[in-house]
Amino acid sequence: MSIALIVIAVIILLVLARSVRIASEWQRAVILRLGRFHKVKGPGIYLVFPVIDSVAQVIDLRINTTMITAEQALTRDTVAVGVDAIVFWQVEDAESAAIRIANYREAIERVAQTSLREMIGSTDLSKLLADRRSADEQLRMTITGKTSSWGVTARSVEIKDVVIPRELQDAMSRQAQAEREKDARVTLASAETAIAQQVLEAAKLYGSDPNALKLRQMNLLYEMNKERGTTVLIPTDMASSLGTVVAFSEAARSDTAPN
C-alpha cells in the first residue's frame, strides 16, 4: 500500500513539474487544448496539463526593431535612390500573432521592405529629402494597415539616410549655389535702389537750398582733414562762400539759443 502511494505521489510530482510554467513580465504564452485555442496565459506562473494542453508559442510583447533597406528604388519623379530606415513595432494581440501567421517576425520584415519601396515610388525626391517626418508617418501607417490583422502594430518608423546618385548631388549643389547667388544679387540690387533713392532726395534738397550744399562741402572737407591730417587748399571764392555759410549758421544758432 505504501509503495502504491509513493508511486502515485511521484507521478503527481512529475505531472506538476511538467505542468508548471513561468512567463516573464513581457511574455505571453498561447495555450492550445486538444489542438484548439484555449487562452493566453502570463505573466507569472501558469499550468499546462500534459497530453491535452500545449504551448503554441511564447510571444514577446516588448517593442522590437527591424532594419529595412531599399537600394536603387525609383521615386515618383524617376530618380534612383537608396533608403535606410528603422521600424519600431510591437505585438499587441498575442493570440493573433501566434495563430494567424506562421512567423510574424519574418512577415513584419517583408511587409516593411515592400512598404518602403511603395512609399518611395509614390513620393517625389524633393519631398522625401525635405519632409522626412511625413514620409515616416506615411510608412508607419502603411505597415500598420497590413499587419494589424496579425496583432502587430508599427509604433514608429525613422528614415536614417537617403542616398542619391553623385551626379544628382553635384547638380543639386550647383542649383543651391545659384539660388544663393540669385538672392545675393537681389539683395544688392535692392540696396542700390535704396541708395539711389536717397541720393536723388539729397540732390533735390541741395538743388533747392544752396546753403545745404555748402554745408555738405564743409563736412566733406572736415572729414578729409580729420582722417588724413592733411592741409586742403580751396579756391578763394569757395572759401568766401563757405565763410558766409558759417556766419549764417552761427547767427541761426545764436537766435535759437535761450536768453
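Every value quoted in this text rests on a predicted model; they were computed, and no experiment measured them.

**Here we look at the packing of helix α3 (residues 104–121) against helix α5 (residues 132–147)**
Here's step 1: In contact at an axis separation of 9 Å, α3 and α5 are set at 135° when each is read in the N-to-C sense. When the interaxial angle is binned, α3 and α5 end up oblique. Once α3 is placed against α5, the crossing between them reads as right-handed. Here I108, V111, A112, T114, S115, L116, E118 and M119 of α3 come into contact with α5, specifically with A135, Q138, L139, T142, I143, K146 and T147.
Here's step 2: Its residues assigned to classes, the contact of α3 with α5 comprises eight nonpolar, five polar and two charged.

**Examining the confidence of the model for the protein chain**
Here's step 1: The pLDDT averaged across the protein chain works out to 81; a share of 77% of its residues lies at or above 70.
Here's step 2: For the protein chain, helix α8 (residues 236–256) is the element with the lowest average pLDDT, namely 51, and strand β2 (residues 27–33) is the one with the highest, namely 94.

**A few points about the nonpolar core**
Nonpolar side chains in soluble globular proteins generally cluster together in the buried interior.
Here's step 1: Membership of the largest hydrophobic core comes to 37 residues, with the highest contact counts inside it found for I59 and I143.
Here's step 2: Looking at this core, the elements with two or more residues in it are β6 (64–74), β7 (80–91), α2 (94–99), α3, α4 (125–130), α5 and β8 (152–163).
Here's step 3: The leading source of residues in this core is α3, at eight residues.
Here's step 4: Those residues in contact with I143, other than ones at most four positions away along the chain, are V87, I108, V111, A112, S115, A154 and V157.

**Considering the pairing of β7**
Here's step 1: Most of β7 sits out of view: nine of its 12 residues are buried.
Here's step 2: As paired strands, β6 and β7 are joined by nine bridges and run antiparallel to one another. Residue pairing in the sheet places T65 in a bridge with F88 of β7.
Here's step 3: Connecting β6 to the antiparallel partner β7 that follows it, the hairpin turn spans five residues, and T78 within it adopts a positive phi of roughly 55°.
Here's step 4: Of the pairings in the sheet, the one linking β7 to β8 comprises 10 bridges and is antiparallel in character. Among the inter-strand pairings, W89 is bridged to a residue of β8, identified as A154.

**Observations regarding unusual backbone geometry**
Here's step 1: With omega at 0°, the peptide bond leading from G42 into P43 counts as cis.
Here's step 2: Looking at the secondary structure, you find P43 in the loop between β3 (36–41) and β4 (44–47).
Here's step 3: You will see that L34, though not glycine, has its phi angle at about 55°, which is positive.
Here's step 4: By secondary structure assignment, the location of L34 is in the loop between β2 and β3.
Here's step 5: For L34, a relative accessible area of 67% corresponds to the exposed category.
Here's step 6: In the Ramachandran plot, T78 falls in the positive-phi region, its phi being about 55° despite a non-glycine side chain.
Here's step 7: Looking at the element boundaries, T78 is found in the loop between β6 and β7.

**Examining the pairing of β2**
Here's step 1: Across seven bridges, β2 lies against strand β5 (residues 53–60) in antiparallel orientation. Bridged to Q27 within β5 is D60.
Here's step 2: Pairing of β2 with β3, which is carried by five bridges, proceeds in the antiparallel orientation. Along β3, the bridge assignment pairs I31 with K39.

Conventions and cut-offs
- Residues numbered from 1 in each chain as written.
- Predicted model: local features only at pLDDT ≥ 70, side-chain atom pairs only at ≥ 80, totals over all residues.
- Heavy atoms only, no water.
- Axes fitted to C-alpha atoms, helices over the stretch in contact; angles between N-to-C directions.
- Helix = DSSP H or I, 4+ residues; strand = E, 2+ residues; numbered from the N terminus.
- Parallel < 35°, antiparallel > 145°, perpendicular 65-115°, else oblique.
- Left-handed = near helix turned anticlockwise from the far one by under 90°.
- Contact = heavy atoms within 4.5 Å.
- Nonpolar A, V, L, I, M, F, W, Y, C, P; charged D, E, K, R; others polar.
- pLDDT = per-residue confidence, 0-100.
- Core = buried A, V, L, I, M, F, W, Y, C linked by side-chain atoms within 4.5 Å.
- Buried < 20%, exposed > 50% of the residue type's maximum accessible area, 1.4 Å probe, protein only.
- Pairing = 2+ DSSP bridges.

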